[in-house]
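Residue-level structure breakdown
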Amino acid sequence: MSDRATFPSAHRPSPAMSVLLKGSPVLAVILALLLGALIIAAVGVSPLAAYQSMIKGAFGSPRALTQAGLRAVPLLLISLGLTLAFRSRIWNIGAEGQLYMGAWVATLFALSFPNLPPALMLPGLLLAGFAGGALWGLVPALLRAYLGANEIVTSLLLNYVAIFWVSYQVRLPMKDPTSFLPQSAVLPAPASLPVLPGTRLHIGVILALLLVPLIAFILWKTPLGYRLRVVGSNPDAARFAGIDVPRHIIIVMVISGGLAGAAGMIEVAGVHHRLIQDISPGYGFTAIVVALLGQLNPFGALLASYFFASLVIGADSMQRVVGLPVALTEVIQALVVLFVLASEAFRRHRSRVVG
Amino acid sequence: MRGITKRFPGVLANDHVDFVLEAGEIHALLGENGAGKTTLMNILYGLYQPDEGEIYVNGRPAAIRSPHDAIQLGIGMVHQHFQLVPTFTVAENIVLGLPSRREPFLESRRQVHQQIAEVSRAYGLAVDPSCLVWQLSVGEQQRVEILKALYRGATVLILDEPTAVLTPQECERLFEILLALVQGGKSVIFISHKLDEVMAISHRVTVLRDGRVVGTARTQDITKQELARMMVGREMRPIEKPPASPAGPVIALQDIWAHDDRGLPALRSVSLEVRAGEILGIAGVDGNGQAELEEVLTGLRRPHRGRYLLAGQDVTHASARELFEAGLAHIPADRNRFGMVADMTLAENSILGLEGKPPFTRFGMLRYREMEQHCSHLIREYDIRAPGPAAFAGTLSGGNAQKLILAREISRRPKALVAAQPTRGLDIGATEYVRRKLLEQRERGCGVLLISTELEEILALSDRIAVIYEGQIVGMVDPACVDIEQLGLMMAGAIKEACELPPRPPADRPTAPGSAGHER
Amino acid sequence: MSWDNLLQAGFIISLITSGIRLAVPVLLAVLGEIITERAGVQNLGLEGIMAFGAFAGFATAFATGSGILGLLAGILAGMLMGLLMGYFAVTLKVNQVIAGISLVLLGQGAANFFYRQIFGVSQRPPRIAGLPEIPIPLLADIPYLGDILFRHNVVVYLTVLLVILVWIALFETTWGLKVRAVGEHPSAADTSGVNVAGIRYACTILGAAFAGLGGAVLSVAQMKLFTENMVAGRGWIAIALVIFSRWHPGLALAGAVLFGLADALQFRFQALGFEAVPYEFLLMLPYILTIIVLLAGGRRGAAPAALGTPYEKE
């Protein structure tokens, strides 16, 4: 962490074509919440009551904090991968599908080797989840690197394929024979992520927290990160400097997909303990917003992922107390990003005029 | 135009400029790069709004808030970078934005072609209206631009550096067209930084320097030297070039064939050599394969036939990175796009290409202190005006950015240097600096390949000149004895022999067996 | 249920008819995005705009009992989101990819929020009447072809008309020339006196209107109800089809019909209990097909040169 002081500060108004760098995230959140309040009022509910219930639901009890923490883990893992990808200007919108594939491969691994001791099982699960997500992310990477296919569309469409694939798996081949529901058998005991003593948090939290400085290190302290940033900032200059752009596209998608896959594994092994159809409530998409709100900075992603997890938990409570649908959080998330974009644009404009 | 003042962040582009265009004259606007000529004309054409000052057209005050207004007043402009839609036909480009009589539908093609033909004939601007613009030569595209302005009823025509992309013969044609226009009652403003042209074609000339008018004169009453002094503020220093003593070849291309992005042949059987300690200039009109040649030499484009040897090593299939490692340096033609990363700091830019190597990386980690030291060193050595290594590369001016790129490439002590359009867009000071550095490399024993569209530069710096036309080397000439006209004809593909170099004595021939023609 | 049943005339006719009907929402979105992208703006928010349009259409149709008003509401909803996208892309000149993705979230979130708020959750979701089928006299009686082509509801006919209109507008009018110029070389258009910002705004709003209409068609004319995720990726398929169609309305029609056929096939297999293939694979089919089609069709050179690049006057 002491390396942070020597990182070059990459904060300055940048041309619109570059990846999002500095808007004003805090201001954006406040504005979005204000606008949200207007919407709440418009449908006849008291914004004060709504937000109160939200805050209470998100921060009011240790249970709520734990819940938020659990939800934040996959968000953080995925958004760290997306931070790398977006910084390389590779728009990986397929994190949701990569999560599903990682979850599936991890389940396959656990069910195939039920008698492994935890010392082997846990790393094996991690590898399996990572591999599942990484391979799924490899497809759009190859298509983009060698055929120039738009990775936004390909990774996006593959989401649906992955979700249907898992749906099929838990309905037929992997179905738990003892249950009516489409879900896999319960994972064997060694495949359950151990819980941190005194809390209900699983060790996935440690993994995610460790990855934050690791990703930051990769981005700013390694030649690989340097090259990724050049590719994202100016792909022509990257080629000119001899950087193998297709190779880097593949590297970044493998890491990004792998992290999403690992998140999938964590959901299976740490939360649900089996593979189900709705293993992810849209983490892959929310993580996109988290990465953007975090200014494509791993530490920002840490803060943003906890914030969004709290938002969702709070919204659940809000729905129970004042009856507002949780879909409001999606609206607020979208508004946050839009305000960040707008604030960056205004900052750019002001600097241009002042000189 | 009276008292025109225009400020941009950090720079005063026009400082209380007065400019008068009389009817039926060709008025040259002279000044070096960055003097404010284009800005002034962009104001006249409505692309910019002046911060102070007024414009009068035919005696009446005019408010020109957009090109639309300018066109209404009969002002047309031909820009330095053509404003034509490449995928449209000539006719479509000309009628773009104009109301049609068959609204909302476009005019009938026949009608439009007929009208275009009329205007073409009147001023000698022959062009096929149904041709797609990307298929036209540069000279033809320029004619389309002129037609476009005339079609909209322009009586005043502004041309911004029109000869930058033309062969000497095409320049002649352009001058004929301009004279025809003036005889037909139009008035022309001609922006240039080339003294010879200004002397040749204009009736009056206004000199701008650093945003201010230095003076206006009738061309026949003033000398080239006086103009030069007004333009630059001092006498231009001639280039001193010590005699060459070249050694063995560092770059050798043997029968290279390559395609362009569209899959069409761009380089055809190109064979050339650059020896250590000499500058080989590639002369040619932009678009005859120079870009592809630059890319093949630097590993950004694979030739599908032929061999490329760098210091004796076969690098035909090498990547850009491998060529870099083998000692090739590259100053790109488009420095903003290829040479620098605007969003990163100068320190980070200064090690582009070297990021994986010690001393900048040790134990897999980047070392910022070494990067900053290296960058500071470069800034000092190469006199780069910048706040410091932590400044963002995008804030540098054109000249300083080029110096940084030069510094970065040259400080690696390369064996070979490919410099493409190295002084494009630079002011006098930076231009002299870059040329001096190229000569220094030559002294040092580096083999320099210079690609430039500025003929004077090629003639002044090169020890030998290769002329490229439609992807082929049509001749090798000795700058000491060739003249501009012959060079121009070769560049236009008209003749294949001008002042040929004497054959080299046998001792200098490449000794590698099986070279030149055995590999197919 | 066997392969024999599949090859019967009745099955094929109903398949193609269905395919055409199902193609409409996607086709509308593709048409709209072609207009938007031809002007140089990349609006990735189609998925959210369609969702919002679907909600607006359904809610209006439910409240007023009129399917047509529902469709109009969809158009309006789309225009609103188009205005927002235009503001961010043209005036603020932000990164269009990010803005588009935000719009997806916004549109989906707003649609789901307002639907839940107004209609609540129930076992049997509210339904609406939909639109009547309008057979075209004489033509509808042609054997086989008549059933396939001329017995549709008004939206289908309208959409085909729109394909032709957009085609003509883009390639045969002065406005179309301006749009294409703005997308290829905005500064050339600017110096020719074209209002670049104005054209981009108009095309973005118009394109989003099409998408909103597409969403409304989905809820009002096809499914006759509203559920979360009912758009199911059609907005993204539309974006892929824009690339496949080389930004041309003609190929867009072909691509959309292809998607519609895949969708129709998948429905039928599920309904007929076709056990040979698990239905999830059939659900995957449209998406995989779209990827293949994207690879086959898209060579990058065909895109408007200035696509996705905000225009700054230097």
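Residues numbered from 1 in each chain as written. Chains lettered and ligands numbered in written order. Predicted model: local features only at pLDDT ≥ 70, side-chain atom pairs only at ≥ 80, totals over all residues.

Some points on the overall build of chain C
What counts here: Helix numbers and strand numbers start at the N terminus; a helix is a DSSP run of H or I with at least 4 residues, a strand a run of E with at least 2. C-alpha atoms define the radius of gyration in this analysis, and the globule rule sets the expected value at 2.2 Å times the number of residues to the power 0.38. In this description, any two residues whose backbone-derived C-beta atoms lie within 7 Å of each other are considered to be in contact.
When you go through chain C residue by residue, the secondary structure sums to 13 helices and two strands. On C-alpha atoms alone, chain C measures out to a radius of gyration of 20 Å, which is about the 20 Å that the 2.2 N^0.38 rule sets for 314 residues. Taking the principal axes of its C-alpha atoms as reference, chain C extends roughly 65 × 40 × 40 Å. Sequence-distant contacts, at least 24 apart, represent 78% of the contacts inside chain C between residues at least 6 apart.

What about the overall build of chain A?
Helix and strand content of chain A: 13 helices and zero strands. Each helix and strand of chain A, placed in order from N terminus to C terminus, yields the pattern α-α-α-α-α-α-α-α-α-α-α-α-α. The globule rule puts the C-alpha radius of gyration for 355 residues at 20 Å, and the 21 Å found for chain A is close to it. Dimensions of chain A, computed from the C-alpha atoms along their principal axes, are close to 70 × 60 × 40 Å.

Re helix H4 (residues 67-91) of chain C
Selection rule: Here a helix's expected span is defined as the number of its residues, less one, multiplied by 1.5 Å.
Taking 1.5 Å as the rise per residue, H4 of chain C with 25 residues should run 36 Å; its terminal C-alpha atoms sit 35 Å apart, in good agreement. Remark: Lys 93 of chain C follows H4 of chain C within two positions and exhibits a positive phi of approximately 55°.

As for the sheet that holds strand S4 (residues 52-57) of chain B
Residue and element names in this part refer to chain B. What counts, and what does not: Only strands joined by at least two bridges in the DSSP assignment are considered to pair. Fitting a line to C-alpha atoms yields each axis, with helices limited to the stretch in contact; the angle taken between N-to-C directions then spans 0 to 180 degrees.
Here we have four strands laid out as an open sheet, ordered S2-S1-S4-S5, and antiparallel in their pairing. The sheet is open, and its two edges are formed by strand S2 (11-17) and strand S5 (60-62), each paired on a single side. Strand-to-strand, the axes of this sheet are offset by a mean angle of 35°, without reference to chain direction. Of the strand pairs in this sheet, S4 and S5 are connected by three bridges, and their pairing is antiparallel. Residue pairing across strands places Val 57 opposite Arg 60, the latter belonging to S5.

Some points on the environment of Ile 75 of chain C
Residues and elements named next belong to chain C. Within the secondary structure, Ile 75 is located in helix H4. For the pair formed by Ile 75 and Val 242, sequence separation is 167 residues and the distance between their alpha carbons is 20 Å. Apart from residues no more than four positions distant in its own chain, Ile 75 is found in contact with Ala 209, Gly 212 and Leu 213.

Digging into the interface of chain B and chain A
Rule in force here: Asp, Glu, Lys and Arg are counted as charged, while Ala, Val, Leu, Ile, Met, Phe, Trp, Tyr, Cys and Pro are counted as nonpolar; the rest, among them Gly, fall into the polar class.
The interface of chain B with chain A comprises 29 residues on the first partner and 22 residues on the second. Taken together, the elements giving at least two residues each to the side of chain B that touches chain A come down to helix H10 (320-325), helix H11 (335-339) and strand S18 (365-366) of chain B. Here the side of chain B that touches chain A is composed, by residue class, of 16 nonpolar, eight polar and five charged.

Focus: the environment of Ala 162 of chain A
Residues and elements named next belong to chain A. As a reminder of what qualifies: Each residue is classified by how many other C-beta atoms fall within 10 Å of its C-beta atom, where C-beta atoms are placed from the backbone; a count of 20 or more means buried, 12 or fewer means exposed, and values in between mean partly exposed.
Tracing the backbone shows Ala 162 in helix H6 (residues 151-171). For Ala 162, a count of 26 C-beta atoms within 10 Å corresponds to the buried category. A C-alpha to C-alpha distance of 8.5 Å links Ala 162 and Trp 136, two positions 26 residues apart in sequence.

Brief notes about the interface of chain C and chain A
On the chain A side, the residues contacting the 40 residues of chain C number 38 residues. Mapped onto the side of chain C that touches chain A, the elements with two or more residues apiece are helix H5 (96-119), helix H11 (234-244) and helix H13 (279-297) of chain C. Counting residues per element, the side of chain C that touches chain A draws most heavily on H5 of chain C, at 14 residues.

Topic: the packing of helix H2 (residues 9-38) of chain C against helix H12 (residues 249-271) of chain C
Residue and element names in this part refer to chain C. Going by this rule: By definition in this entry, angles of less than 35 degrees are roughly parallel, angles greater than 145 are roughly antiparallel, angles of 65 to 115 are roughly perpendicular, and the rest are oblique. Left-handed describes a crossing in which the near helix is turned anticlockwise from the far one by less than a right angle; the clockwise case is right-handed.
H12 packs onto H2 with a crossing angle of 135° between their chain directions and a minimal axis gap of 6 Å. One finds that H2 runs oblique with respect to H12. Viewed along their axes, H2 and H12 form a crossing whose handedness is right-handed. Facing Leu 15, Ser 18, Gly 19, Ile 20, Leu 22, Ala 23, Val 26, Leu 27, Val 30, Leu 31 and Ile 34 of H2, the residues of H12 in contact are Pro 249, Ala 252, Leu 253, Ala 256, Val 257, Phe 259, Gly 260, Leu 261, Asp 263, Ala 264, Leu 265 and Arg 268. In terms of residue class, the contact of H2 with H12 is built from 18 nonpolar, three polar and two charged.

Thoughts on unusual backbone geometry
Backbone geometry places Leu 296 of chain A, a non-glycine residue, at a positive phi of 55°. Residue position: Leu 296 of chain A is located in the loop between helix H11 (283-293) and helix H12 (298-322). A count of 24 C-beta atoms within 10 Å places Leu 296 of chain A in the buried class. In this model, Lys 224 of chain C sits at a positive phi of 60°, which is unusual for a non-glycine residue. Within the secondary structure, Lys 224 of chain C sits in the loop between helix H10 (196-223) and H11. Note on Lys 224 of chain C: 18 C-beta atoms within 10 Å, which makes it partly exposed.

Regarding the pairing of strand S10 (residues 212-218) of chain B
Residues and elements named next belong to chain B. Inspection of the sheet shows strand S9 (residues 204-209) paired to S10 by six bridges, in the antiparallel sense. Across the sheet, residue Val 207 finds its bridge partner in S10, namely Gly 215. The turn linking S9 back onto S10 is made up of two residues, and Asp 210 within it adopts a positive phi angle of 50°.

Digging into helix H15 (residues 428-444) of chain B
Taking 1.5 Å of rise per residue, 17 residues should cover 24 Å, and H15 of chain B covers 24 Å from first to last C-alpha, within 8% of that figure. Looking at the residues trailing H15 of chain B, positive phi occurs at Gly 445 of chain B, about 105°.

Points about the sheet that holds strand S8 (residues 187-192) of chain B
Residues and elements named next belong to chain B. Spatially, S6-S7-S8-S3-S9-S10 is the arrangement adopted by the six strands of the open sheet, whose pairing is mixed. Because the sheet does not close on itself, it has two edges, and the strands there are strand S6 (75-78) and S10. Pairwise comparison of adjacent strand axes, ignoring direction, gives a mean angle of 15° for this sheet.

Overview of the pairing of strand S3 (residues 26-30) of chain B
Residue and element names in this part refer to chain B. The buried fraction of S3 amounts to five of the five residues, a majority that puts the element mostly inside the structure. In the sheet, S3 pairs with S9 via four bridges, with the strands oriented parallel. The residue bridging Leu 29 from the neighbouring strand is Thr 206, located in S9.

Remarks on the environment of Val 277 of chain C
Turning to its location among the elements, Val 277 of chain C is positioned in the loop between H12 and H13. Setting aside residues up to four positions removed in sequence, Val 277 of chain C forms contacts with Phe 269 and Leu 282 of chain C.

A few points about the confidence of the model for chain C
Convention followed: pLDDT measures the predictor's confidence residue by residue and takes values from 0 up to 100.
In this model, chain C carries an average pLDDT of 86, and 92% of its residues clear a pLDDT of 70 or more. Reported confidence for the predicted complex is 0.87 by ipTM and 0.84 by pTM.

A look at the confidence of the model for chain A
Here chain A shows a mean pLDDT of 86. Residues at 70 or above account for 92%. For residues 1-20 of chain A, every residue scores under 50 in pLDDT, and the model assigns this stretch 35 contacts once sequence neighbours within four places are set aside.

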